[in-house]
Amino acid sequence: MGSTASARNGTWRNWGGTVSARPVREATPASVDELAAVVRRAAEDGLPVKAVGSGHSFTSIAATDGVLIRPDLLTGIRDIDREAGTVTVEAGTPLRRLNVALAREGLSLTNMGDIMEQTVSGATSTGTHGTGRDSASIAAQIKSLELVTGDGTVLTCSEKENPDVFAAARIGLGALGVVTAVTFAVEPVFLLTAREEPMSFDRVCAEFGQLHAENEHFEFYWFPHTGNTNTKRNNRSAGPERPVPRLRGWIEDEFLSNGVFQAVNWVGRAVPASIPAIAQISSKALSARTYTDIPYKVFTSPRRVRFVEMEYAVPREALVETLREVKSLIDRSRLRVSFPVEVRTAPADDITLSTASGRDSAYIAVHMFKGTPYQGYFTAVERVFTAHEGRPHWGKIHTRDADYFSRVYPRFTEFTALRDRLDPERRFRNDYLRRILGT
C-alpha cells in the first residue's frame, strides 16, 4: 500500500482518489509553537484549518478549502521512558518509522493495524485498529497527548490531566484540535507466531467463537463468490524467531498478493463476468504457512493494489449473522466483487467515539478495486451493517450522519459538548465534520 497523497496545481488528493481539495494555503510547521501560530493566523483571517497525514482516509475528514497543515517536519521520537513503559512521538511520524525505531530500542506497541503507511495522528484520530481478543486499537494504547486547540492554545491531556479531553481526543476526528504529540504505552519487544491457513466459510462461521477465544489475534478474509476464506492466528511465542524465508515472502506477499492480484483486478474491471471464476482461483492461491517474528513484521503487510473501502464495527455477537447476510446479498445479486472481505475484532474500550466504545466489536471491511463502480455494493452492505447498529470507521466510506451517530454512540453528546468548548468558532470545520457531528 503506497503512502502518498498527491498535490498538483494546488489540489490535494487522498491515496484512494476519492477526495480532492484546494486549500487557500499550506503550512509545514517545524515546531508546536509554529503550528499554534498557524492556527492563530488562520483565526485572524477567518479560515478553517485541517491537518493531513498520508491521505489514507477514504472520507473527506481531512479536506479543507482553508489552511492545510502538513506535519512532515513534526516527526521523530521525543522521549522513551523505560521505567514507565512509554514512548512520546511527534504526531507526523509515519507508523513505519515508529515501529522500526521501537524495534531498534527493543520495544513494541502491543497491537497495531495491518499497514504502516499512516502518520501517528492520522491513524489514531480516525480509529485505526488491528485485530485482538484482549488488545484494542492503536488509540487505546495512548497514555497522553498534546494538541493545539482552536485559539492556538497548547493543551496536554491524560487520565489525570484534562481527563474529559483525553477521553475524546484519542479519536478526535480532527474536530477538537491539531494533535502534535502522542505518548503510547509500549512493552519489551516480543515474538508472535502467525499461523495462516485456508478454511471454509461455513467452518469459520461455525467456529468463530472458539477461534476468537483461543487466539490473541484472529482475523480472516472471505473471498466473495466462493465458500473459501484465508485465516490468520497470531499468538505470543517463546521463539525461536523463524521469519518467512525471503524468497517465499516475495512470491506470496509481493508477487501473488500484489503483482498478480493487481493484474487479475485489471481483468475483472474490464470483464466483470470473469470475477467469480477468478475468485475461485485467487482464494486457493496462497497455501498454509507458519512463521515467527517481531510484532510489526507479523501484524502488517504491504498493500500496493489501490482500492476504495467501507468498514463497519458491529457487536461481536452479531458478527456471524451479519456476515452471512452479506454473503447472501452478494450470492443472490448481480454484484461482482473481486476483493476479499476482511473480518477482525476488538475488545470494548472507553474512548468516546471509538467504534468499539463500550462494546466488544467485530469489523467487516468491504473493498472494491480503484476505478470500479462501488456505490451499489457499498449501499447494499451498508443497509445490512446499519440494521445491526453498525458503526462505520471514521476514515472509510459511509453515508451516516449525526442523527444516526447520536443513536449508536451513547456518549455522542459528550463529544459534541467538548467540541463546543474547545472549538466554539469551528476553526477545524469541514463538510464531513458538519455531516457527522451536526454543526
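Higher on the page you've got the structure.
Predicted model only: the values in this text are computed from it and were never measured.

Analysis parameters
Residues numbered from 1 in each chain as written. Predicted model: local features only at pLDDT ≥ 70, side-chain atom pairs only at ≥ 80, totals over all residues. Heavy atoms only, no water. 1 Å grid on protein atoms, 1.4 Å probe; cavity = no way out; pocket = protein on both sides within 12 Å on 5 of 7 lines; lining within 4 Å. Points joined across faces, edges and corners; volume = space filled by probe spheres on them. Helix = DSSP H or I, 4+ residues; strand = E, 2+ residues; numbered from the N terminus. Nonpolar A, V, L, I, M, F, W, Y, C, P; charged D, E, K, R; others polar. Phe/Tyr/Trp six-rings, centres within 6.5 Å; stacked < 30°, edge-to-face > 60°. Buried < 20%, exposed > 50% of the residue type's maximum accessible area, 1.4 Å probe, protein only. Lys NZ or Arg CZ within 6 Å of the ring centre and 35° of its normal. Axes fitted to C-alpha atoms, helices over the stretch in contact; angles between N-to-C directions. Parallel < 35°, antiparallel > 145°, perpendicular 65-115°, else oblique. Left-handed = near helix turned anticlockwise from the far one by under 90°. Contact = heavy atoms within 4.5 Å. Core = buried A, V, L, I, M, F, W, Y, C linked by side-chain atoms within 4.5 Å. Pairing = 2+ DSSP bridges. Polar contact = N/O pair within 3.5 Å; in protein donor to acceptor, adjacent residues only side chain to side chain.

Section: empty space enclosed by the protein
Reasoning step 1: Taken as a whole, this structure holds 9 cavities of 30 Å³ or more when the rule is applied.
Reasoning step 2: Its volume calculated, the largest cavity comes out at about 680 Å³.
Reasoning step 3: Lining the largest cavity are 50 residues; nearest its centre among them are S57, S121, G122, A123 and T126.
Reasoning step 4: Counting only elements with at least two residues in the lining of the largest cavity, the list comes to β5 (49-51), α3 (120-126), β12 (178-185), β18 (307-315) and β19 (341-346).
Reasoning step 5: Among the elements that take part in the lining of the largest cavity, α3 stands out by supplying 5 residues, more than any other.
Reasoning step 6: Tallied by class, residues from the lining of the largest cavity come to 22 nonpolar, 21 polar and 7 charged.

Describing the packing of aromatic side chains
Reasoning step 1: Throughout the structure, instances matching the rule amount to 15 aromatic pairs.
Reasoning step 2: A ring pair is formed by W394 and Y409, whose centres lie 5.7 Å apart and whose planes are at 25 degrees; its orientation type is stacked. You can see W394 sitting in the loop between β21 (391-392) and α11 (402-408) and its partner Y409 sitting in the loop between α11 and α12 (412-422), a full 15 residues away along the chain.
Reasoning step 3: On the basis of relative accessible area, W394 is assigned to the buried category, the value being 1%.
Reasoning step 4: A relative accessible area of 1% means that Y409 is categorised as buried.
Reasoning step 5: Pairwise contacts between aromatic rings join W15, F58, F261, F307 and F339 into one cluster.
Reasoning step 6: Between R170 and the ring centre of F166, over which it is positioned, the NZ or CZ distance is 4.2 Å.

Here's the deal with the packing of helix α9 (residues 319-332) against helix α10 (residues 375-387)
Reasoning step 1: Running from N to C, α9 and α10 point in directions that differ by 150 degrees, and their axes come no closer than 10 Å. The angle between α9 and α10 places the two elements in the roughly antiparallel class. Taken as a pair, α9 and α10 cross one another with a handedness that is right-handed. Along the contact surface, α9 presents T322, E325, V326, L329 and I330, while α10 presents Y377, A380, V381, V384 and F385.
Reasoning step 2: Residue composition of the contact of α9 with α10, by class: 8 nonpolar, 1 polar and 1 charged.

Section: the environment of A348
Reasoning step 1: Secondary-structure assignment places A348 in the loop between β19 and β20 (361-369).
Reasoning step 2: Between the C-alpha atoms of A348 and S137, which are 211 residues apart in sequence, the distance is 9.8 Å.

Side note on the nonpolar core
Reasoning step 1: Membership of the largest hydrophobic core comes to 57 residues, with the highest contact counts inside it found for L173, F184, W394 and L437.
Reasoning step 2: Aside from chain neighbours lying at most four places away, what touches L173 is K50, I61, S125, L353, W394, F415, L433, I436 and L437.
Reasoning step 3: Counting 39 residues, the second-largest nonpolar core is a separate cluster that includes F208, Y377, F378 and V384.

Section: the sheet that holds strand β14 (residues 191-200)
Reasoning step 1: One open sheet holds the 8 strands; their spatial order is β17-β14-β16-β15-β19-β20-β18-β21, and the pairing between them is antiparallel. At either margin of the open sheet sits one strand with a lone partner, and together these are β17 (289-293) and β21.
Reasoning step 2: Its contacts with the sheet put helix α5 (residues 201-214) on β14, β15 (217-222), β16 (228-237) and β19, and the angle it makes with β14 is roughly 160 degrees.

What about the side chain of E196?
Reasoning step 1: Within the secondary structure layout, E196 lies in strand β14.
Reasoning step 2: In terms of polar contacts, E196 uses its side chain to reach the side chain of Y291, at 2.8 Å.
Reasoning step 3: With residues up to four places along the chain from it excluded, the contact list for E196 reads T231, K232, A288, R289 and Y291.

Considering the layout of surface pockets
Reasoning step 1: Here the largest pocket defines a volume of roughly 1400 Å³.
Reasoning step 2: Taken together, 47 residues form the lining of the largest pocket, with D253, S257, R289, S301 and P302 sitting closest to its centre.
Reasoning step 3: Of all the elements in the fold, those that place two or more residues in the lining of the largest pocket are α2 (95-104), β15, β16, α6 (246-270), α7 (275-282), β17 and α8 (295-299).
Reasoning step 4: Of the residues forming the lining of the largest pocket, the biggest block, 11 residues, is contributed by α6.
Reasoning step 5: Grouping the amino acids of the lining of the largest pocket by side-chain chemistry returns 25 nonpolar, 8 polar and 14 charged.

Focus on the sheet that holds strand β4 (residues 25-27)
By definition, the strands of a sheet pair up through backbone hydrogen bonds, in either a parallel or an antiparallel sense.
Reasoning step 1: Spatially, β4-β6-β5 is the arrangement adopted by the 3 strands of the open sheet, whose pairing is parallel. Each end of this open sheet is capped by a strand with a single partner; those strands are β4 and β5. Going across the sheet, the axis of each strand differs from the next one's by a mean of 25 degrees, ignoring polarity.
Reasoning step 2: Bridge analysis of β4 against strand β6 (residues 67-69) gives 3 bridges, and the strand direction is parallel. Following the sheet pairing, A27 is matched in β6 by I69.
Reasoning step 3: Packing of helix α1 (residues 32-45) onto the sheet brings it into contact with β4, β5 and β6, and relative to β6 it is tilted by some 170 degrees.

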